[in-house]
Amino acid sequence: MDFNFTTLGTASALPTKGRYPSAHVLNIRGRLFLIDCGEGTQMLLFKYGFSILKIDNIFLSHLHGDHCFGIFGLLSSMGMKGRTSKLTIHAPAAFKGILDMFLHHFEGDAIKYEIVHNVLEGSVRGELNKIFESRNIEGYSFPLNHRVPTYGFLFREKIPPLNVVKSKIEEYHLTLKEIALLKSGQDVDRGDEGMLRAEEFTYKPFKPRSFAYCSDTAPFKELVNVVAGVDLLYHEATFANDLEATAKTTFHSTATDAALLAKDAGVKGLVIGHYSSRYSSVDHLKEEAQAIFENVYLASKGEKFEVPLERLSK
Ligand SMILES: [Zn+2]
Ligand SMILES: [Zn+2]
């Protein structure tokens, strides 16, 4: 029951000697989601042991090069490795022209699989738009505040089916039909014996986990509700607070902005990344954020952040 987030590319705009542009892998129960795809992403995926054929959904937050220049090499390599299964790329509307250009010139070479462009939409701040659903997971996009249309992402495990309390099965000699009713959250009417309340007879086997991704963005108040209470929040922290004015004019955030959001939204952990190339060390960004919010972690190449499963019982 994996739920972890691996940071691969941690640089903003300009890559540096040790940092690649934005690229991240979210692994939920073995399902791999690639979030942003800066230059060099495929090499990082190989280096840290991710199979590129296992990725069937790519999420591009926006069309600045540091978030999408790696997509062509990756699409091409997927083809050369014999991919046949569909790939969905969730990206803003303007990605269509970029994809069409690529397919027009290179499709004949290697792209023998279907690529679906799911257009990210919605410009109302604070609104979630469902873009992904499987049996266990839901994914949403939401607008951010950047210089071009930009989206953040929220992933949540679905509320698991209820379990029936074992001791009650024996005590009340529950039939299979009654167990099924209780599991679906319905009360059981036993006539003269009274009602068996689903609330008393069942429990959630575990707490659903959640993750939110915010890059790139200037801070704005509606974001608090969108990421409220998530287990793990990734947020850009391009600058330290002494460059607040630069952050404002470029529609980016400081480490202070990221920490204030984490604190106000009551998240459990905050990962910061997307560092300006002017910083050779980023420890001061962590210190700045930690003065406001304690559980801060620095994104670094190949670092994996786990959200453990919390089992519940009754
Ligand atoms: Zn960026
Ligand atoms: Zn950007």
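Keep in mind it's a predicted model, so treat the numbers as computed, not measured.

Draft legend 1. Layout of the coordination of the zinc ion (ligand 1). Protein-derived ligands of the zinc ion (ligand 1) are Asp-66 (OD), His-67 (NE2), Asp-216 (OD) and His-274 (NE2), with the metal-ligand distances lying across 2.1 to 2.2 Å. Considering all 4 donor atoms around the zinc ion (ligand 1), the spread of angles at the metal, 94 to 163 degrees, places the coordination shape in the irregular class. Taken as a pair, the zinc ion (ligand 1) and the zinc ion (ligand 2) lie 3.5 Å from each other and share Asp-216 as a ligand. Pair noted here: Asp-66 is in helix H2 (residues 65–68) and Asp-216 is in the loop between strand S14 (210–214) and helix H8 (223–226), with a separation of 150 residues, a long-range link. No difference in accessibility class separates Asp-66 from Asp-216, as the two residues are buried.

Draft legend 2. Focus on helix H3 (residues 71–80). Those residues of H3 not exposed but buried are Ile-71, Leu-74, Leu-75, Ser-77, Met-78 and Gly-79. Backbone geometry just downstream of H3 places Gly-82 in the positive-phi region, at approximately 90 degrees.

Draft legend 3. Representation of the coordination of the zinc ion (ligand 2) within the structure. For the zinc ion (ligand 2), the full set of protein donor atoms is His-62 (NE2), His-64 (ND1), His-146 (NE2) and Asp-216 (OD), and the range of their distances to it is 2.2 to 2.4 Å. Each of the 4 donor atoms bound to the zinc ion (ligand 2) contributes to angles spanning 91 to 168 degrees, and the resulting shape is irregular. Read in sequence order, the donor residues for the zinc ion (ligand 2) give the motif H-x1-H-x81-H-x69-D. Note on His-62: relative accessible area 0%, which makes it buried.

Draft legend 4. Expanded view of the domain arrangement of the protein chain. According to the domain assignment, the protein chain contains domain 1 (3–160 + 206–304) and domain 2 (163–202). Here the C-alpha centre of domain 2 lies 44 Å away from the C-alpha centre of domain 1.

Draft legend 5. Looking closely at the sheet that holds strand S2 (residues 23–28). One open sheet accounts for 7 strands, arranged S6-S5-S4-S3-S2-S1-S18; its pairing is mixed. Two strands bound the open sheet, and with one partner strand each, they are strand S6 (115–120) and strand S18 (303–306). Pairwise comparison of adjacent strand axes, ignoring direction, gives a mean angle of 20 degrees for this sheet.

Draft legend 6. View of the packing of aromatic side chains. Throughout the structure, instances matching the rule amount to 13 aromatic pairs. When the ring of Phe-59 is compared with that of Phe-155, the centres are 5.1 Å apart and the planes differ by 90 degrees; the resulting orientation is edge-to-face. Note that Phe-59 is positioned in strand S4 (residues 55–59) and Phe-155 in strand S9 (residues 151–157), a separation of 96 residues in sequence. The burial state of Phe-59 is the same as that of Phe-155; both residues are buried.

Here is what the cut-offs are and how they apply
Residues numbered from 1 in each chain as written. Chains lettered and ligands numbered in written order. Predicted model: local features only at pLDDT ≥ 70, side-chain atom pairs only at ≥ 80, totals over all residues. Heavy atoms only, no water. Donors = N, O, S within 2.8 Å, 3.2 Å for Na, K, Ca; no water. Tetrahedral: all angles 85-135°; square planar, octahedral: opposite > 155°, others 65-115°. Helix = DSSP H or I, 4+ residues; strand = E, 2+ residues; numbered from the N terminus. Buried < 20%, exposed > 50% of the residue type's maximum accessible area, 1.4 Å probe, protein only. Domains from an automatic or database assignment. Pairing = 2+ DSSP bridges. Axes fitted to C-alpha atoms, helices over the stretch in contact; angles between N-to-C directions. Phe/Tyr/Trp six-rings, centres within 6.5 Å; stacked < 30°, edge-to-face > 60°.

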